[in-house]
Amino acid sequence: MHLYLYDSFLNDKKYTNLLARIETRLTDLGIGGKIYRLSPLRNLAELLADETRGGAQTVVVVGNDKTFSQVINVAAKYDVTMGLIPVGGENKIAQTLGLGNPFDACNTVAARIIEKVDLGKVNDTYFLTNIIVTGGRPMLECEGHYHLTPQTGDQVSICNLKPLFASNLGQINYFNPQDGYLEILVQPPRLGFWQSFNKSAVTQSIIPIKKLTIKGKNAISIITDGQKVLKPPVAVEVVPKKLKVIVGKGRLF
Amino acid sequence: MTPMFKKEDGADEIETIIGPSVQVEGNFVANGDIVIEGTVSGSIKTEKNLKVGAGAKIFAEISAANAVIAGEIQGNITIKDNLELTPTARLFGDVKTKILVVGSGAVLQGRCSAGEEKKSKLEKLESLDKTKNKEGKEKTTLPFES
């Protein structure tokens, strides 16, 4: 049975027509199901607990990256398959999963190619894309063997999927959500005009890792998937093959 | 940026890059290739290849399969196969490797041991015995031997 979760921003009138067409498409494909609209008043954890008990096996998020990340954090605790129909802006996860426009995504959900992907875990919070460390000079204690200290001003992130700001990484097997690793990505502040000509030089650090602890002063903030803000110290680890996701043929992993 | 060493088909180890802005302290172990442009102190170990950039500073014991050094290293190095010191390399420590290539201008201060290890008499005899035993076994197990 399919369960469809609509983000609250879809209550806007401009999406009414689009949602109606999506629902028609889903019905045509024979994968219609219960629809819930998310809101600050609705408890997502309770909703998913009730619905999985009632036999829901596929949870399809209709919304953007933020919606998907929010639902994943709860859905990871249940044995469900996740799907995504991207609507609105900021849909980079959909690109990574190989989903095109909303109607192609409906076809993808119907085709049901399922892949198991790794999730990251910060304390008790799951994340799919990345966490960003801001506001100071953190110390990353890695695998219990060594620690890593970036310079002040460096952008530090721990990634599962390829982040938007990462470019020219050369090797394609970084940021594969099925390799059982997270990647620490340390990027120095943007290069000056003249320095930017020397593109061949290695400037960023990429370190594959399974487990680390982020320590530092209280001014440091750790933001998970652009949502939850945590304070150090936090424990980060990869949870291999934790989530079942419906993907398209054009997926980037 | 291109990978420094050619990948074998099916190799799934990921290259680790330590950039110039990062300091690493402790026992650094990686499954895949390592590229170092920053500062490392402690020890570095990989079963694959190591590249030390010209701006890198390393105060560590190093162990790798192959290495290309262009930066500064203070510590002992054990390389299984090839070690190449480029003209900008500054190496202060003992070196143990199979094949050593030193570029003109490279600094190397320390004991250096390159080439196959010399076997003791006992080891030679043991290896000879093993080969004889193998040959003997092969002869007895030939299926169509008349």
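Calculation rules
- Residues numbered from 1 in each chain as written.
- Chains lettered and ligands numbered in written order.
- Predicted model: local features only at pLDDT ≥ 70, side-chain atom pairs only at ≥ 80, totals over all residues.
- Heavy atoms only, no water.
- Helix = DSSP H or I, 4+ residues; strand = E, 2+ residues; numbered from the N terminus.
- Contact = heavy atoms within 4.5 Å.
- Areas by Shrake-Rupley, 256 points an atom, 1.4 Å probe, with all protein chains shown as cover.
- Core = buried A, V, L, I, M, F, W, Y, C linked by side-chain atoms within 4.5 Å.
- Buried < 20%, exposed > 50% of the residue type's maximum accessible area, 1.4 Å probe, protein only.
- Arc of directions from axis to C-beta.
- Axes fitted to C-alpha atoms, helices over the stretch in contact; angles between N-to-C directions.
- Parallel < 35°, antiparallel > 145°, perpendicular 65-115°, else oblique.
- Left-handed = near helix turned anticlockwise from the far one by under 90°.
- Nonpolar A, V, L, I, M, F, W, Y, C, P; charged D, E, K, R; others polar.
- Domains from an automatic or database assignment.
- Buried area = accessible area lost by both parts, 1.4 Å probe.
- Salt bridge = Lys/Arg side-chain N within 4 Å of Asp/Glu carboxyl O.
- Polar contact = N/O pair within 3.5 Å; in protein donor to acceptor, adjacent residues only side chain to side chain.
- pLDDT = per-residue confidence, 0-100.
- Pairing = 2+ DSSP bridges.
- Phe/Tyr/Trp six-rings, centres within 6.5 Å; stacked < 30°, edge-to-face > 60°.
- Lys NZ or Arg CZ within 6 Å of the ring centre and 35° of its normal.

Topic: the overall build of chain B
Inference 1: Each helix and strand counted, chain B has one helix and 15 strands in total.
Inference 2: Long-range contacts, defined as pairs at least 24 residues apart, comprise 5% of the intrachain contacts of chain B with a sequence gap of at least 6.
Inference 3: Total accessible area on chain B is roughly 9000 Å²; 50% of this is exposed by carbon and sulfur atoms.

Details of the nonpolar core
Inference 1: Ranked by size, the top nonpolar core spans 49 residues in total, and within it Ile214 and Val236 of chain A together with Ile44 of chain B carry the most contacts.
Inference 2: In contact with Ile44 of chain B, not counting residues within four places along its chain, are Phe28, Ile34, Ile36, Leu50, Ile58, Ala60, Glu61, Ile62 and Ser63 of chain B.
Inference 3: Among the nonpolar cores identified, the runner-up in size contains 48 residues, and Leu19, Tyr36, Leu47 and Met82 of chain A belong to it.

Observations regarding helix 2 (residues 44-53) of chain A
All names here are of chain A.
Inference 1: All buried positions along helix 2 are accounted for by Leu44, Leu47, Leu48, Ala49 and Glu51.
Inference 2: Turning to helix 2, the residues buried within the fold contact strand 1 (2-6), strand 2 (33-37), strand 3 (58-63) and helix 3 (65-75).
Inference 3: Backbone geometry just downstream of helix 2 places Gly55 in the positive-phi region, at approximately 105°.

Quick look at helix 5 (residues 102-111) of chain A
Inference 1: Pro102, Ala105, Cys106, Thr108 and Val109 of chain A are the residues of helix 5 of chain A that are buried. Looking straight down helix 5 of chain A, one finds that the buried residues subtend no more than 160° of arc, so they occupy a single side.

Structural notes on the packing of helix 2 of chain A against helix 3 of chain A
Residues and elements named next belong to chain A.
Inference 1: The contact between helix 2 and helix 3 brings their axes to 10 Å, and the two run at 60°. With respect to their mutual orientation, helix 2 and helix 3 come out oblique. Remark: the crossing between helix 2 and helix 3 carries right-handed chirality. Of the residues in helix 3, those in contact with Leu44, Ala45 and Leu48 of helix 2 are Gln70, Val71, Val74 and Ala75.
Inference 2: Here the residues of the contact of helix 2 with helix 3 are counted per class, giving six nonpolar, one polar and no charged.

Comments concerning the domain arrangement of chain A
Often the size quoted for an interface is simply the accessible area lost on bringing the parts together.
All names here are of chain A.
Inference 1: Parsing chain A into structural domains produces domain 1 (2-112) and domain 2 (125-240).
Inference 2: For domain 1 and domain 2, the distance between their C-alpha centres works out to 29 Å.
Inference 3: Summed over both sides, the interface between domain 1 and domain 2 buries roughly 840 Å², with carbon and sulfur atoms accounting for 71% of that surface.
Inference 4: Area buried by domain 1 at its contact with domain 2 is led by Ser69, Asn73 and Ile93, which between them contribute 41% of it.
Inference 5: Linking domain 1 with domain 2 are zero salt bridges, by the criterion used here.
Inference 6: For the interface between domain 1 and domain 2, the tally reads two residue pairs in polar contact (both at pLDDT 80 or more).
Inference 7: Elements with a minimum of two residues in the side of domain 1 that touches domain 2: helix 3 and helix 4 (92-96).

Focus on the confidence of the model for chain B
Residue and element names in this part refer to chain B.
Inference 1: Averaged over all residues, the pLDDT of chain B equals 84, while 80% of them reach at least 70.
Inference 2: Across residues 6-11, where pLDDT falls below 50, the model places three contacts with residues more than four positions away in sequence or in other chains.
Inference 3: Both scores are given for the predicted complex: the pTM is 0.84, the ipTM 0.84.

Considerations on the pairing of strand 13 (residues 211-215) of chain A
Residue and element names in this part refer to chain A.
Inference 1: Of the two faces of strand 13, the one holding Leu212 and Ile214 is buried and the one holding Lys211, Thr213 and Lys215 is not buried anywhere.
Inference 2: Relative to strand 13, strand 8 (residues 139-142) runs antiparallel, the two being bridged by four bridges. Residue pairing for strand 13: Met139 is matched across the bridge by Lys215.
Inference 3: The pairing of strand 13 with strand 16 (residues 234-247) spans four bridges and is classified as antiparallel. The residue bridging Ile214 from the neighbouring strand is Val234, located in strand 16.

Thoughts on the packing of helix 1 (residues 16-28) of chain A against helix 5 of chain A
Residues and elements named next belong to chain A.
Inference 1: Two elements in contact, helix 1 and helix 5, have axes separated by 10 Å at closest approach and are oriented at 25°. With respect to helix 5, the element helix 1 is oriented roughly parallel. Judged by the twist between their axes, the crossing of helix 1 over helix 5 is right-handed. Listed contacts from helix 5 to Leu18, Arg21, Ile22, Arg25 and Leu26 of helix 1 are Pro102, Phe103, Cys106 and Asn107.
Inference 2: Of the residues that constitute the contact of helix 1 with helix 5, the class distribution is six nonpolar, one polar and two charged.

Focus on the environment of Ala60 of chain B
Residues and elements named next belong to chain B.
Inference 1: Within the secondary structure, Ala60 is located in strand 6 (residues 57-64).
Inference 2: The class of Ala60 is buried, set by a relative accessible area of 3%.
Inference 3: Note: C-alpha distance between Ala60 and Glu25 (35 residues apart in sequence) is 9.3 Å.
Inference 4: With residues near it in sequence (within four places) discarded, Ala60 still touches Val40, Ser41, Gly42, Ser43, Ile44, Ile73, Gln74, Gly75 and Asn76.

Here we look at the packing of aromatic side chains
Residues and elements named next belong to chain A.
Inference 1: Taken as a whole, this structure holds three aromatic pairs over all chains when the rule is applied.
Inference 2: Between the aromatic rings of Phe9 and Tyr15, the centroid separation amounts to 5.5 Å while the plane-to-plane angle is 75°, which identifies the pairing as edge-to-face.
Inference 3: Accessibility expressed as a relative area gives 14% for Tyr15, which makes it buried.
Inference 4: Sitting above the plane of the Tyr181 ring, Lys210 keeps its charged end 5.1 Å from the centroid.

So, the pattern of salt bridges
Residue and element names in this part refer to chain A.
Inference 1: In this structure the tally under the stated criterion is seven salt bridges over all chains.
Inference 2: Among the salt bridges present, the one from Asp79 reaches Lys244, with a minimum N-O distance of 3.1 Å. One end of the pair, Asp79, is in the loop between helix 3 and strand 4 (81-86); the other, Lys244, is in strand 16, and 165 residues separate them in sequence.
Inference 3: The class of Lys244 is partly exposed, set by a relative accessible area of 24%.
Inference 4: As a salt-bridge pair, Glu141 and Lys215 come within 2.9 Å of each other at their nearest N and O atoms. Taken together, the residues span a long stretch of sequence, with Glu141 in strand 8 and Lys215 in strand 13 at a distance of 74 residues.
Inference 5: We classify Glu141 as partly exposed; its relative accessible area is 28%.
Inference 6: Its relative accessible area of 32% is what places Lys215 among the partly exposed residues.

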